[in-house]
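Chain residues, written in single-letter form:
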Amino acid sequence: MPPDAAKWREVQDSADFAELRRRLRRFIFPMTGLFLVWYLVYVLLADYAHGFMSMRLFGNINVALVMGILQFVSTFVITMLYVRYANRHLDPQAEKIREEIEGADK
């Protein structure tokens, strides 16, 4: 049987769940802010720094193209960092909470 609403409320109010939320927010908020600033810089440079963005680096490759590709690269890097962070800091805490819930119902 799945836990009832009272059990879920108890879990939500627990110190372990608060710690899990704190750990998640400690990663998510700074990383989101960093990515949004990086993206905003890219957009602002593309709109207001045409000379800089059109500067050729080699062949037909210019600064704008490299920065655009780096947007994708940064997305993958953030994903890899999140997976590593979750495996080390979030999953053990979530597993502990899950075991407490399932252990209480058995």
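For the structure itself, look to the data block above.
Predicted model, so just to flag it, every value in this text is computed and none were measured.

Side note on the environment of Arg56
Phase 1: Note that Arg56 resides in strand S1 (residues 56-58).
Phase 2: The sequence separation of Arg56 and Leu81 amounts to 25 residues, and the corresponding C-alpha distance is 31 Å.
Phase 3: Setting aside chain neighbours within four positions, we find Arg56 in contact with Ile61 and Asn62.
Phase 4: A distance of 3.1 Å separates the side chain of Arg56 from the backbone oxygen of Gly59, its partner in a polar contact.

Considering the nonpolar core
Phase 1: The biggest cluster of nonpolar side chains holds nine residues, and these are Val11, Leu20, Phe27, Met31, Tyr85, Ala86, Leu90, Ile97 and Ile101.
Phase 2: Mapped onto this core, the elements with two or more residues apiece are helix H2 (15-48) and helix H4 (63-105).
Phase 3: Beyond its immediate chain neighbours, meaning those up to four positions away, Tyr85 contacts Arg23, Arg26, Phe27 and Leu90.

Parameters and conventions
- For every chain, the first residue of the written sequence is number 1, and numbering continues from 1 along that sequence.
- The model is predicted, so local features are restricted to residues of pLDDT at least 70 and side-chain atom pairs to those at 80 or more, both for listing and for counting; the totals for chains, interfaces and linings are taken over all residues.
- The side-chain quantities take in all heavy atoms of the structure and omit both hydrogens and water.
- Helix numbering and strand numbering both begin at the N terminus, where a helix is a DSSP run of H or I of at least 4 residues and a strand a DSSP run of E of at least 2.
- Contacts between residues were defined by any pair of non-hydrogen atoms, one from each residue, lying within 4.5 Å.
- Each polar contact in these results corresponds to two N or O atoms within 3.5 Å; when the atoms are within protein, one needs to be able to donate a hydrogen and the other to accept it, and residues that are neighboring in sequence are counted only if both atoms are side-chain atoms.
- We define a nonpolar core as any set of buried Ala, Val, Leu, Ile, Met, Phe, Trp, Tyr and Cys residues linked to one another through side-chain atoms lying within 4.5 Å.
- For every residue, the accessible area obtained with a 1.4 Å probe (protein chains only) is divided by the maximum for its type, and the residue is called buried under 20%, exposed over 50%, and partly exposed between those limits.

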